[in-house]
Every structure is written in C-alpha cells, then in structure tokens.
Amino acid sequence: MSVRVRFAPSPTGHVHIGNIRAAIFNWLFARHEGGAFLLRVEDTDLERSTPEAIATLLEVMEWLGLDFDEKPPMYQTSQRHRHLEAAEQLLTQGDAYRDSKGGEGEAVVFRIPFDTERIPGVVTVGPIDVPVHPDVPVTVSSKGVGYAGVSAKGTPAPGGACLAGCKDLQVFAADGTCLFSLAGKEEAILRGGESFTLPGATRLHFTRRTITYRDLVKGEMNKPLDSMRDVVIVRSDGSPVFHLANVVDDITQGITHIIRGDDHVENTFRHIMLFVCLGATPPAYGHLPMIVNAAGKPYSKRDGDAFVGDFRARGFLPDALFNYLTLLGWSPGDDREKMTRAELVEAFSLNRVQHASAQMDIQKLTNLNGQYIAELPEEDFFVRCRERLSEFEWGRELDEGLLRAVCQLMHSRLKVFADVEQWRYFFVDFPEYDAKVCAKQCRDDAVVAALRSLPTKLASVEPFTAAALEEVIAAAATAAGLAPGKLNQPLRAAVTGSGIGAGIFETLEVIGKERTLARLQAEKWLPQK
RNA sequence: GUCUCCAUCGUCUAGUGGUUAGGACAACGGGUUCUCAUCCCGUAAACAGGGGUUCGACUCCCCUUGGAGAUGCCA
C-alpha cells in the first residue's frame, strides 16, 4: 500500500514553527516514499478559523514550498456527519455510552474495549495489586472502576480506571476478605448496566494488560490499560471531540502514517482502539519531539517570535528556514547541514529523528540564511533587495544603477534581508550619525584637520573611483602626519555615520563625489564639545 | 499525586561495547584587511549523578535527579 500522510493544523492565523516543522517532516517523508502528502484543515474552532486564517495557512505552506496533493484540502467541518455517524456506530456496537457527568446534557463516551482480542498490541502482563483508600468506596460499573489511591501522606488521591484495565478484578478489605469479584459479572455490568459500590476496601487485585505499538521514531511504546480512562468523543452540546474527528478523518482519507508532535503520544493508544472499533486498520505512528524556546520551555504567546510569518517578515529565505528546521530534531547521519530539497528528500528517514526536544537557535538560522543569500544570483538578490527597501520611505524610488552597485558591494555581508535598513546612507543626502562612533574616530585634532582638508583634495579626483580615492586619501593622511590608513575609519564615520561597512574606497565610489563632499563639508560628524 | 516519554560541548547534532568522543552555530585567539562581514588557520567547550552487566561502557539494565507531555467534554 502506498504511503499517505497528512498535515492537519487548525488554522488560527499564525502558523507555529513547531507545527510547520511537523508539516515539513510529513512532506519529506511523503516525497521520500513517493507517497501522498495531504492537507486537512481542522477548522472546527469556528471562532478562530476565519477565511483570513485559512488563507494565511495556505500562503505559508506555499512560501515554504510545501505542496500538497489532492486539492482542495479537506475541511474538517465538512465531515461532521461522518463523525456523528461514527459515534452512533460505536454506540450501537456497545463500544460507547452516553454519560452526563459534568456537562449540560449527555456526552458520548468511548469505552476502552474490555474484549481486547481484537486490539492489536494488547498483551497481558500479569496480576497486580493496587492499594486504595478505605474512606472512599470503590465503584464498579460499565463506566469503569472508581477509587481513591493512597498518597504518600496517607490521604486519598484521586484515581480510577476504565473497566478494561481491571480484568479479573477482585476487591479486598483490610482483613483480607474479598468484597467483590468481577469474574462472571462482566456481561451483567457491560450490557445489563449493573453497578457496585464497595465501602471499606483497601486493595484492588487484577490482571494488568498493556497496549503496545511501535513508534516510527521512539520505538516500542506501551501503556497499562489501568492507567487509561474512557474518552469523551461527542460533547454534551453534540459537537465531535478532536479524538473522534481526527480518527474518522484519517480513516476517510486513508492515512497510512501519522507523523505529529510529541504531545500526542498518550492519545495514540486510544486512537488505535478507536481505529479498530470503527473497523479500520490503525496507521503507523511517528512522534516528533517538540521545539522549545531559548529558555528550554515550550513556546508561548510571550515568545512572539515563534510564528512562521515572523521569520518571513524578518527576511529569512524559505529554503534556509526549511533547511534549518529539518536540522532541528533530525540529521542525515553525516556532517552535511546545508542541503538542497532533493538531498533532504533523498536522505530523510523517521528513524533518524531525535527523541528529545530541540531548542531553536536563531544565530544558526541566521548563519545558514547568510549562506543561502550568498548563493543567490545577482539579479535575484537585486530584486529582493529592491522589494525590501521599498518598505522604507527613503527606499521607494531608488536609482537602479546605484542600487545595483550597492547590492554588489553589500551582497556578501547580508545575512537577513531586514538588515538592508542599514543601507540608508547610500541613498539619502545625509546619514544618521552614530554619535559614539564619531566621537571615537574624530576626537584627534589632527584627524579633524585632515578630514577638513579632504573636500578640496577629493574635488579634483576624476574619475571618482576606489583606486584613485585610495591614493589621494593615503596622501592626505600622510600630509597630516598620520600613518596611511589612519584616516580611513574617521572618514567612514564622517561620510556614512557608521563604524562598519564595506571597503571605504568602494563605499565612497558608490556614494559618489557630490554627496561625499557635501557630507564632509556639513561637518555633522564633528563631535559636540 | 499517577501515568507516559526524554537526557552527548552554551545550542543543533555524529556516535548503536573498544574513538585522541567528530562536525556545525555561537564564543575566544590568529591570518587576510582601512572597519565590519566573507574567507583561511587555531583554542576552549560535553557523555546529568549513582549503581550494576562486561575483559571493557557515551553506548545495555536498574535507581536518583532534572525536563517535557498526559491525566473524560482543548487541539
């Protein structure tokens, strides 16, 4: 059977970096296997799932090159009838029941199947004893076993399990007498609705069973049935819960492999049971570790910078972000880091995915982005810069020749497109002067005198080229009693207002004679005494 | 509280019983250079702790610690 995977986000207008990483891994897996990558929009939260939010989601996916198969995507709200039909089916099969605990009306609750023969991966471990607190009566009914455990302090601690978790249950009092025995009563409880309340019990004795599955990234996973409880699948207001909707849609779409975040591992056990009870073969599962912030904590609203849109806005290239994100929790097994899509598709495999969560490192992303920018063809780089620059008032109508010259000069220095903001001094009459830099560079009287002598000397330089400038400026420094080159940084400060930039002679050439002279003469660089 | 999962330099990672524990980003030092960046060279930097198993553990098992997730009407 060919591979079918899906990305199933709920559109909220902001696509989270962890979510998109899940999408990337699904996409990589599908392309590697030659399978299908589907999109399912889980738009059941009607408040937040606006058309704009959905548009944002699609835009982000396109930006990152995450093309999905079988368009249009499935919208979960369109599947509501299937969800409710599935709930009905479970109800009539006896795999679910109605319960009014807690809600306004009656919710539908999926019962962890008592008869586990049909569930793959369920194994019997053996007999086990669980101490319970005698002050709280043990209850046994079709809804499960209710009891209070005993905390370290000896007080009652909330406990309970699904009935399936307590096969062969026997309830004992402190003196050893058996208050209850489940054997033979299963049918009466499950079908007949019989229930029992047993005060004064101190110990539960039952046969433990666990459910096991092999996770594609984490390996063997298992969970005792007695640590599970029945699951609400339809709310008392009649709306399907995530667990039901998700599983039903996966069945409808014929999903073969579910690759999702770590936070779903616990759900997997009950989802497997839902698949089986709905007559479907459970898919294979792989759980990706979470991406955490610089403090090692899960991203929260306070972190702000965890949305894909933010990275786009800051001028990260989609290929760079894509590449970086693949390296978060995965590696090809050799020393390669910068890899093309084709290489990534070729090398990707789930069993090389990390088991532990990973921290986002913006510096490494920035470095990688710089590498991608460096590789951009000149024309492509020029177009992107022009677009970026147009976001600034002074960057709207730039002379193309000047812009091309600036791009060529600055290409190797740019790591993130947002930084083109610092190119302002190439395009305006007067730069913003960094007072600290000017004060540091121009505090020496000899230097100031030399800078003041420059306008007349530079005026005759024709053509105004880097090579010619270098000669004249070195001579000016020498004439002022300075070592050649000692005038360069003061000159940079005086003309660009900054202490950093490309080569000063090349920079002056690009800025041009007129503005260079004007800036020197205006003496806005002169430190205020 | 209970359950599940996780643990190699600051960060991302390689490593599947025998390695000088490798690479990348960041840091630091040097070279190139007028500054910054690029580029080149180099330095510092890790197996959470404790028990086992073994001739030999980063690697296998157990415990502790720490972290994350889950714990009936969020997804």
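Residues numbered from 1 in each chain as written. Chains lettered and ligands numbered in written order. Predicted model: local features only at pLDDT ≥ 70, side-chain atom pairs only at ≥ 80, totals over all residues. Heavy atoms only, no water.

We now examine unusual backbone geometry. Omega for the bond connecting Lys71 with Pro72 falls within 30 degrees of zero, at 0°, which places this linkage in the cis form. Counting through the fold element by element, Pro72 comes out in the loop between α2 (51-63) and β3 (74-75). Along the chain, Glu462 connects to Pro463 via a cis peptide bond; the corresponding omega equals -5°. Mapped onto the fold, Pro463 is located in the loop between α15 (445-459) and α16 (466-479). Even without a glycine there, the phi angle at Glu523 is positive, about 55°. Take Glu523: it is sitting in the segment after α19 (513-522). (Helix = DSSP H or I, 4+ residues; strand = E, 2+ residues; numbered from the N terminus.)

On to the confidence of the model for chain A. Confidence in the prediction for chain A averages 91 pLDDT; 98% of positions are at 70 or higher. Both scores are given for the predicted complex: the pTM is 0.93, the ipTM 0.94. (pLDDT = per-residue confidence, 0-100.)

Right, let's talk about the sheet that holds strand β1 (residues 4-7) for a bit. Taken in spatial order, the three strands of this open sheet run β1-β2-β3, and their pairing is parallel. Single-partner strands in this sheet number two, and they are β1 and β3. Pairing between strand β2 (residues 36-41) and β3: two bridges, direction parallel. If you follow Val41 over to β3, its bridge partner there is Tyr75. Along the sheet face, α2 touches β1, β2 and β3 and points at about 160° away from the line of β2. With respect to the sheet, helix α5 (residues 242-252) is in contact with β1, β2 and β3, its orientation differing from that of β2 by roughly 140°. (Pairing = 2+ DSSP bridges. Contact = heavy atoms within 4.5 Å. Axes fitted to C-alpha atoms, helices over the stretch in contact; angles between N-to-C directions.)

Where empty space is left in the structure can be found by rolling a water-sized probe over the atoms. Here the largest pocket is characterised by a volume of approximately 1100 Å³. Ser10, His16, Gly18, Asn19 and Asp263 are the residues nearest the centre of the largest pocket, which is lined by 40 residues in total. Counting only elements with at least two residues in the lining of the largest pocket, the list comes to β1, α1 (17-33), α5 and β16 (257-261). Sorting elements by how many residues they give to the lining of the largest pocket places α1 first, with five residues. (1 Å grid on protein atoms, 1.4 Å probe; cavity = no way out; pocket = protein on both sides within 12 Å on 5 of 7 lines; lining within 4 Å. Points joined across faces, edges and corners; volume = space filled by probe spheres on them.)

We now examine the pairing of strand β10 (residues 167-173). A regular strand places its side chains on the two faces of the sheet in alternate fashion. Alignment of β10 against strand β13 (residues 201-215), held across five bridges, turns out to be antiparallel. When the bridges of β13 are listed, Lys167 appears paired with Thr207. The pairing of β10 with strand β11 (residues 178-181) spans three bridges and is antiparallel. Note that in β11 the partner of Val171 across the bridge is Phe180. A loop of four residues connects β10 with β11, the two strands running antiparallel in sequence, and Gly176 in this loop sits at a positive phi of about 95°.

With that settled, the discussion passes to the pattern of salt bridges. For the structure on display, the rule yields 29 salt bridges. A salt bridge links Asp95 to Arg118, with the shortest nitrogen-to-oxygen separation between them at 2.7 Å. Placement of the pair is Asp95 in the loop between α3 (80-93) and β4 (96-99) and Arg118 in the loop between β5 (107-110) and β6 (122-131), with a sequence separation of 23 residues. Here Asp95 falls in the buried class, since its relative accessible area comes to 6%. For Glu462, the salt bridge identified is with Lys513, shortest N-O distance 2.8 Å. Of this pair, Glu462 sits in the loop between α15 and α16 while Lys513 is found in helix α19, placing the two residues 51 residues apart along the sequence. Using a relative accessible area of 62% as the deciding quantity, one classes Glu462 as exposed. Within the structure, one salt-bridge network assembled from shared partners comprises Arg6, Arg40, Glu42, Asp249 and Asp250. (Salt bridge = Lys/Arg side-chain N within 4 Å of Asp/Glu carboxyl O. Buried < 20%, exposed > 50% of the residue type's maximum accessible area, 1.4 Å probe, protein only.)

Let us look at a negative patch on the surface. Side chains of Glu470, Glu471, Glu506 and Glu509 sit close together on the surface and give a patch of like negative charge. Broken down by secondary-structure element, the contributors of at least two residues to the negative patch are α16 and α18 (504-511). Structurally, the position occupied by Glu470 is in helix α16. (Patch = residues over 30% accessible without salt bridge, like charges linked within 9 Å, V, L, I, M, F, W, Y side chains within 5 Å. Areas by Shrake-Rupley, 256 points an atom, 1.4 Å probe, with all protein chains shown as cover. Lys, Arg positive; Asp, Glu negative; His and termini not counted. Charge placed at Lys NZ, Arg CZ, Asp CG, Glu CD.)

Aromatic ring pairs are described here by two measures, namely the spacing of the ring centres and the angle between the planes. Throughout the structure, instances matching the rule amount to 13 aromatic pairs. Ring geometry for Phe392 against Trp394: centres 5.2 Å apart, planes inclined by 5°, an arrangement best described as stacked. Taken together, the ring pairs in this structure connect Phe392, Trp394, Tyr425, Phe426 and Phe427 into an aromatic cluster. Between the NZ or CZ atom of Lys524 and the centre of the ring of Phe430, over which it lies, the distance is 4.0 Å. (Phe/Tyr/Trp six-rings, centres within 6.5 Å; stacked < 30°, edge-to-face > 60°. Lys NZ or Arg CZ within 6 Å of the ring centre and 35° of its normal.)

Attention now moves to the environment of Val495. Position of Val495 relative to the elements: it lies in helix α17 (residues 488-496). Between the C-alpha atoms of Val495 and Glu375, which are 120 residues apart in sequence, the distance is 30 Å. In contact with Val495, other than residues within four places in its own chain, are Pro431, Leu508, Ile511, Thr516, Arg519 and Leu520.

So, on to the sheet that holds strand β12 (residues 196-198). Pairing is antiparallel in the open sheet, where four strands are placed in the order β9-β8-β7-β12. If you trace the sheet from one side to the other, it starts and ends with β9 (156-161) and β12, each paired once. Taken over all neighbouring pairs, the strand axes of this sheet differ in orientation by 20° on average, direction set aside. Judged from the three bridges that link them, strand β7 (residues 138-141) and β12 form a sheet pairing that is antiparallel. In the sheet register, Thr139 faces β12, and the bridge partner there is Thr197.

For the rest of this paragraph, the subject is the side chain of Gln253. Take Gln253: it is sitting in the loop between α5 and β16. A polar contact is formed between the side chain of Gln253 and the side chain of Arg40, at a distance of 2.8 Å. The contacts of Gln253, once residues within four sequence positions are left out, are Arg4, Leu38, Leu39, Arg40 and Met74. (Polar contact = N/O pair within 3.5 Å; in protein donor to acceptor, adjacent residues only side chain to side chain.)

Attention now moves to the packing of α17 against α19. Packing of α17 against α19 brings their axes to within 8 Å, and their N-to-C directions diverge by 95°. Considering their axes alone, α17 and α19 lie roughly perpendicular with respect to each other. Here Leu491, Ala494, Val495 and Thr496 of α17 come into contact with α19, specifically with Thr516, Arg519 and Leu520. Partitioning the contact of α17 with α19 into residue classes produces four nonpolar, two polar and one charged. (Parallel < 35°, antiparallel > 145°, perpendicular 65-115°, else oblique. Nonpolar A, V, L, I, M, F, W, Y, C, P; charged D, E, K, R; others polar.)

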